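Descriptive structure summary
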Amino acid sequence: MAYYKIHVLTGTALHAGTLDSISITLVGSRGEGGKRKLDHFGCDFRPGANDVYHIHEKQDLGYIELIRLHKAPFSFFHQDSWFCSQVTVESPEGKHYHFPCYRWIEGYITVELPEGTARLASAEINNPILLNQRKSELNARQQTYKWKVYYKGFPRCINVADVKELDSNVKYSLTKTLHFDLNVGTSILEIILKGFYDQKKSWTSFEDLRRIFSIHKTTTAEYVSQHWKEDAFFGYQFLNGVDPMLIKRCNKIPDNFPVTENMVEDILGVHTNLATELQRGKIFIADYKILEGLPVNVLDGRLQYLAAPLCLFYLSPLEEMIPLAIQINQTPGPKNPIFLPSDNEWDWLLAKMWVRSSNFTTHQVLFHFLRTHVFAEVFCIATLRQLPVSHPLYKLLIPHHRYTLQINTLAREQLIGWRGFFDKNTAIGVAGLAELITKHMKSVTYTSICIADDLKSRGVESLPKFYYRDDGLKIWSAIESYVSGIVDCYYKSDENIQTDPELQAWVWEIFRKGFLKRKSSGVPSKLHTHSELIKYLTMVIFTSSAQHAAVNSGQFDFISWMPNSPSTMRQPPPKTKGKATMKSVLEVLPKVGTTASTMVTVRLLSNEPGDTRPLGTFPDEHFTEEEPKRCIKAFQERLSQISTEIESRNEDLPVKYNYLNPKLIENSVSI
């Protein structure tokens, strides 16, 4: 007779417990035990409970490789879901076997859990029980998580119509749902009560805007509202604002942007000229050519306008990024003048606002939605479909996919779907958004989604006061070191990588479904070496955590003051100089209702609605071995050090850059 001690840990959520009958079967290297009911007098499996049971088998089962949890009806009670965190089995010899679960078990079913040691498929080639468990697990997940085409030319997404169709294991927790719904409800109600909701009139003055801006403003948002007209702050935002992804070094003035020496001599000063500064690498450019020719939206029966500007910058001796010249559309000519800081106040301000409006579009659609939300969803679905729970890379990646499918499904319902926020409040609407993403997907490269490569390709790797770069590279390095430690635990040679069928299927699925098999992107379709695998995994985790924080968390700070980032423009770009006035500028900007809707939306998107897990916080213990646990601890210590460095640096900054503070970065794309 062999006696076993069973610990069953139930999740802590309010509705995590169950009244259903739970039984267990132990499967060991020497045989399979009987189906044993786990039952005490009273209520078992309450939220947060660690229930202990003693069972006996006729013989020692040897190494416990697998357990089966059986969920069945109990008396007259209705079926209820159960969140099982983990099960620990203690053998007669005192050896502990850990079985991580961390999932909802719904219905009357049997769930198989392999022992928690991370293993590649090759380690189980001679163990048909575990090999079959891996295959059946993936087959079941591939039926649950299916791909669909949302728009032709888009990366594929989860095949559900709405959030209700999502599997419970990828949905928001009750806590997060309640916080999210409360935030939405109170934000909208506040706008309605203050009389801003759905107003179609124009703003009468910039001071009038402060009536709505006073709602929930932040320290940075207040700074933006006071300094948004300043040229130095306009340039600052291209480095440390909500979108640091577009600006690049200009080595030659484009032929379609005929800026002359005379135009910029007042800004550059008497001791230099444009040709010299180009040679010195001090001239930069933001080019919105990708917006050219997109269909524009009609709001309230009125055609909206979108430009495709070019904006030239000069890195001054004071290390400020100063705008030198703006051309609002791509084709030069007498009806498309080049605007300069020496022009009258309203002409120059209006030109900068056209740039900021175009930046709103590229930021929201490309650098925020596509290149963090959508790519993270691709990584998530591929992980769920191709990596079983016992695979070390599943254990590594799953914390960075938490809630991503829910927030993206909500986004397709409420933000980018027909009559959603984008369709009701922006210059391009849904039709323009679809065409813009399709265009951009043809030029996305692996280089552009790996921060160090991207910075180098844009020629901005050595810019001063570029805090996105400084903090982003530190976090990339910390993730890379963490990933390297995990990879070294399980892949002892490059051959192990090349012959891992689950890993290669995961990479291929991302390439096929996410990057549409476009070889010119440089995105790998197969991995061959340790260095390739480490870089790829680092990219996935960085994109799903830090990169999303960099382009998401500052949205309210930089967009809530509407003139700094208009979601649409209601008049065409000026064809001549000298006609702009405050009144005409206000008539170009979004109406009151559009401003209110945009403010509510960016406020919701900028704040995690409870149930957060900052980068490196892993309460679900998927790894059970000591070496990966040491890697996690070292990762957490490095992130803590980076936080301290950022907070120390921020003490001396007029605008604190905190979006890449690890304490404030969520592990995953979850809002």
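Values in this document were obtained by computation on a predicted structure and should not be read as measured data.

Let's shift gears to the sheet that holds strand S1 (residues 2–10). Pairing in this open sheet of four strands is antiparallel, and the strands run S5-S1-S7-S8 from one edge to the other. Lying at the two open borders of the sheet, with one neighbouring strand each, are strand S5 (50–57) and strand S8 (96–105). Across this sheet, the average inter-strand angle for adjacent strands is 20°, counted without regard to direction. Of the pairings in the sheet, the one linking S1 to S5 comprises eight bridges and is antiparallel in character. Bridge pairing in S5 places Tyr4 opposite Ile55.

Packed helices, taken two at a time, are described by the angle their axes make and the gap between the axes. Two numbers describe how helix H8 (residues 345–386) lies on helix H17 (residues 530–552): the axes approach to 9 Å, and their chain directions differ by 150°. For the element pair H8 / H17, the angle class is roughly antiparallel. The handedness of the crossing between H8 and H17 is left-handed. In this structure, H8 uses His363, Phe367, His368, Arg371, Thr372, His373, Phe375, Ala376 and Phe379 to contact H17, whose residues at the interface are Met539, Val540, Thr543, Ser544, Gln547, His548, Val551 and Asn552.

Across all of its chains, the model carries 31 aromatic pairs by this definition. Through a chain of ring-to-ring contacts, the aromatic side chains of Tyr223, Phe233, Tyr236, Tyr467, Phe558, Tyr657 and Tyr659 assemble into a single cluster. Sitting over the ring of Tyr150, Arg412 keeps its end group 5.9 Å from the ring centre. Its guanidinium or amino end placed over the ring of Phe339, Lys577 lies 5.7 Å from that ring's centre, counting from NZ or CZ.

For the rest of this paragraph, the subject is the packing of helix H13 (residues 451–458) against helix H14 (residues 467–490). Across the interface, H13 lies against H14 with an axial gap of 10 Å and an inter-helix angle of 145°. Of the residues in H14, those in contact with Ile451, Ala452 and Leu455 of H13 are Tyr468, Arg469, Gly472, Leu473 and Trp476. Across the contact of H13 with H14, the residue classes tally to six nonpolar, one polar and one charged.

It is worth spelling out the sheet that holds strand S18 (residues 338–339) at this point. The strand order S12-S13-S16-S17-S18 describes an open sheet built from five strands, whose pairing is antiparallel. Both edges of this open sheet fall to strand S12 (248–249) and S18, since each of them pairs with a single strand only. Summarising the sheet, strand S16 (residues 310–315) and strand S17 (residues 321–327) pair through six bridges and their orientation is antiparallel. Looking at S17, one finds that Leu312 is bridged to Ala325.

For Leu14, the position within the fold is in the loop between S1 and strand S2 (21–28). By relative accessible area, which is 76% here, Leu14 ends up exposed. When the C-alpha atoms of Leu14 and Leu174 are compared, they prove to be 8.0 Å apart, with 160 residues separating the residues in sequence.

One non-glycine residue, Asp300, lies in the positive phi region at around 55°. The backbone of Lys465 shows a phi angle near 55°, a positive value even though the residue is not glycine. Inspection of the secondary structure assignment puts Lys465 in the loop between H13 and H14.

Attention now moves to the pattern of salt bridges. In total, this model carries 37 salt bridges according to the counting rule given. Across the pair Arg649 and Asp471 runs a salt bridge whose closest N-O atoms are separated by 2.9 Å. Here the residue Arg649 occupies a position in helix H21 (residues 626–650), and Asp471 occupies one in helix H14, the gap between them amounting to 178 residues. The class for Asp471 is buried, based on a relative accessible area of 1%. One network of salt bridges, with partners in common, ties together Glu115, Arg119, Glu124, Arg134 and Glu502.

On the surface, Leu14, Leu174 and Leu178 cluster together to form a nonpolar patch covering roughly 330 Å² of accessible area. Along the chain, Leu174 turns up in helix H2 (residues 174–193). For Leu174, a relative accessible area of 35% puts it in the partly exposed group.

This part takes up the state of the cysteines. What makes a disulfide is a covalent bond joining the sulfur atoms belonging to two cysteines. Under the counting rule described, the total for this entry stands at zero disulfides. Here Cys450 stays unpaired: no disulfide links it, and the sulfur of Cys380, its closest cysteine neighbor, is 20 Å away. Accessibility expressed as a relative area gives 1% for Cys450, which makes it buried. No disulfide involves Cys631; its nearest neighbouring cysteine sulfur is the one of Cys489, lying 4.7 Å away. A relative accessible area of 11% places Cys631 in the buried class.

Here is what the cut-offs are and how they apply
Residues numbered from 1 in each chain as written. Predicted model: local features only at pLDDT ≥ 70, side-chain atom pairs only at ≥ 80, totals over all residues. Heavy atoms only, no water. Pairing = 2+ DSSP bridges. Helix = DSSP H or I, 4+ residues; strand = E, 2+ residues; numbered from the N terminus. Axes fitted to C-alpha atoms, helices over the stretch in contact; angles between N-to-C directions. Parallel < 35°, antiparallel > 145°, perpendicular 65-115°, else oblique. Left-handed = near helix turned anticlockwise from the far one by under 90°. Contact = heavy atoms within 4.5 Å. Phe/Tyr/Trp six-rings, centres within 6.5 Å; stacked < 30°, edge-to-face > 60°. Lys NZ or Arg CZ within 6 Å of the ring centre and 35° of its normal. Nonpolar A, V, L, I, M, F, W, Y, C, P; charged D, E, K, R; others polar. Buried < 20%, exposed > 50% of the residue type's maximum accessible area, 1.4 Å probe, protein only. Salt bridge = Lys/Arg side-chain N within 4 Å of Asp/Glu carboxyl O. Patch = residues over 30% accessible without salt bridge, like charges linked within 9 Å, V, L, I, M, F, W, Y side chains within 5 Å. Areas by Shrake-Rupley, 256 points an atom, 1.4 Å probe, with all protein chains shown as cover. Disulfide = S-S within 2.5 Å.

Just geometry here; none of it tells us what the structure is for.
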